[in-house]
Amino acid sequence: MKLEIKNLEYEVVAVENELADIDQRIRRYNHEFALRLGLLVEEILQLRRDYAQQHQAKSAFTQQQYEQARQQYEDFRHERLIEEQTTFNSLEEEELARLKKLYRQCVVRCHPDKVAEAQQAEATELFRQVQQKYEEQDLAALARLAEQLERNDFWAADNALSQLDQLLTRREKLADQLAELKQALADTMASTVYREIIGIADLEQHWQTLRQQLEQELASWKTLTHESATI
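Residues numbered from 1 in each chain as written. Predicted model: local features only at pLDDT ≥ 70, side-chain atom pairs only at ≥ 80, totals over all residues. Heavy atoms only, no water.

Regarding the overall build of the protein
Phase 1: Along its length, the protein carries eight helices and zero strands.
Phase 2: In the protein, the succession of helices and strands from N to C terminus is α-α-α-α-α-α-α-α.
Phase 3: Taken over C-alpha atoms, the radius of gyration comes to 24 Å for the protein, far larger than the 17 Å a tight globule of 231 residues would show.
Phase 4: Here the C-alpha coordinates of the protein stretch approximately 80 × 45 × 30 Å along the principal axes.
Phase 5: Counting every position in the protein, which comprises 231 residues, the buried fraction comes to 36%.
Phase 6: Within the protein, contacts between residues at least 6 apart in sequence are counted, and of these 80% link residues at least 24 apart.
Phase 7: Averaged over its 29 positive side-chain charges, the protein has a centre that lies 1 Å from the centre of its 43 negative ones. (Helix = DSSP H or I, 4+ residues; strand = E, 2+ residues; numbered from the N terminus. Rg over C-alpha atoms; globule rule 2.2 N^0.38 Å. Buried < 20%, exposed > 50% of the residue type's maximum accessible area, 1.4 Å probe, protein only. Contact = heavy atoms within 4.5 Å. Lys, Arg positive; Asp, Glu negative; His and termini not counted. Charge placed at Lys NZ, Arg CZ, Asp CG, Glu CD.)

This is the structure we're talking about:
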């Protein structure tokens, strides 16, 4: 049973690694979108807000439209400013391979489900840092975390699990967690945003096309808002 538990632990980590890779890809796309096109989108949302504000007194429906437009503008602006302050490192293929290897090593050592209960809070925080540095492709920071975890032998699996009931509980918990992770992976891979990202053949052409579409939309909103203001 201990071997079965160990195999489940490895499966959990493997699926989490795959999810992390996909999340990182989506995260980098969103970051690039905010940097390249964020100001353009923000201007469109601002005009939509202004247009809705001009009409909000007509009915409860238009008032609701204004509140939605205002909230969308404020939320997007907040997210764009955060992305501007976030740094992603560009890595060569060899560096990227090392990053992934370090990530796997760190996850095995500090996964909250693999440590003693008394150390789960600290493990959870380290696990969060590992995830963050991996997403940001911060190879140096992840290497430092790997060295720190290498020195901390107490991050090994909890050997206190010796009784049959404890082992059964552990196996059931891991099986449930694995099932949830596999479902999350399937949902993520089936999501519209991921399917669109993996379908991009030429990323630079993709950004150019999006910019042209957004510029046309911006021109339309400028005309509409101006005409509305002059009525």
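Some points on helix H4 (residues 120-135)
Phase 1: Counted at 1.5 Å a residue, the expected span for H4 with its 16 residues is 22 Å, and the 22 Å between its end C-alpha atoms agrees.
Phase 2: Ala123, Leu126, Phe127, Val130, Gln131 and Tyr134 are the residues of H4 that are buried. Buried residues of H4 fall within an arc of 145° about the axis and therefore sit on the same side.
Phase 3: Of the residues trailing H4, Gln137 is marked for its positive phi of about 55°. (Expected span 1.5 Å × (residues − 1). Arc of directions from axis to C-beta.)

Points about helix H6 (residues 164-190)
Phase 1: Taking 1.5 Å per residue, 27 residues should reach 39 Å; H6 reaches 39 Å between its end C-alpha atoms and fits that length.
Phase 2: Residues of H6 that are buried include every one of Leu167, Arg170, Leu174, Gln177, Leu178, Leu181, Leu185 and Thr188, and no others.

Points about the packing of aromatic side chains
Phase 1: Summed over the entire model, instances satisfying the criterion amount to four aromatic pairs.
Phase 2: Note on Tyr29 and Trp207: the rings are 5.1 Å apart at their centroids and 20° apart in plane angle, and the pair reads as stacked. Of this pair, Tyr29 sits in helix H1 (residues 2-55) while Trp207 is found in helix H8 (residues 203-230), placing the two residues 178 residues apart along the sequence. As far as burial versus exposure is concerned, Tyr29 and Trp207 are alike and both buried. (Phe/Tyr/Trp six-rings, centres within 6.5 Å; stacked < 30°, edge-to-face > 60°.)

Some points on the confidence of the model for the protein
Phase 1: Here the protein shows a mean pLDDT of 87. Residues at 70 or above account for 94%.
Phase 2: For the protein, the element scoring lowest by mean pLDDT is helix H3 (residues 93-110), at 87; helix H7 (residues 192-198) scores highest, at 95.
Phase 3: Low confidence marks residues 154-162, where pLDDT is under 50. Its contacts with residues over four positions away, or in another chain, come to 23 contacts. (pLDDT = per-residue confidence, 0-100.)

So, the side chain of Gln131
Phase 1: Here Gln131 shows up in helix H4.
Phase 2: Looking at Gln131, its side chain comes within polar contact range of the side chain of Tyr103, at 2.8 Å.
Phase 3: Sequence-distant contacts of Gln131, that is, excluding residues within four places in its chain, are made with Ala20 and Tyr103. (Polar contact = N/O pair within 3.5 Å; in protein donor to acceptor, adjacent residues only side chain to side chain.)

Quick notes on the packing of H1 against H4
Phase 1: As a packed pair, H1 and H4 sit with axes 9 Å apart at the nearest point and diverge in direction by 50°. The pairing of H1 with H4 is recorded here as oblique in orientation. Considering the relative orientation of H1 and H4, their crossing is right-handed. Here Glu16, Ala20, Asp21, Gln24 and Arg27 of H1 lie close against H4, whose contacting residues are Phe127, Gln131, Tyr134 and Glu135.
Phase 2: Considered class by class, the residues forming the contact of H1 with H4 number three nonpolar, two polar and four charged. (Axes fitted to C-alpha atoms, helices over the stretch in contact; angles between N-to-C directions. Parallel < 35°, antiparallel > 145°, perpendicular 65-115°, else oblique. Left-handed = near helix turned anticlockwise from the far one by under 90°. Nonpolar A, V, L, I, M, F, W, Y, C, P; charged D, E, K, R; others polar.)

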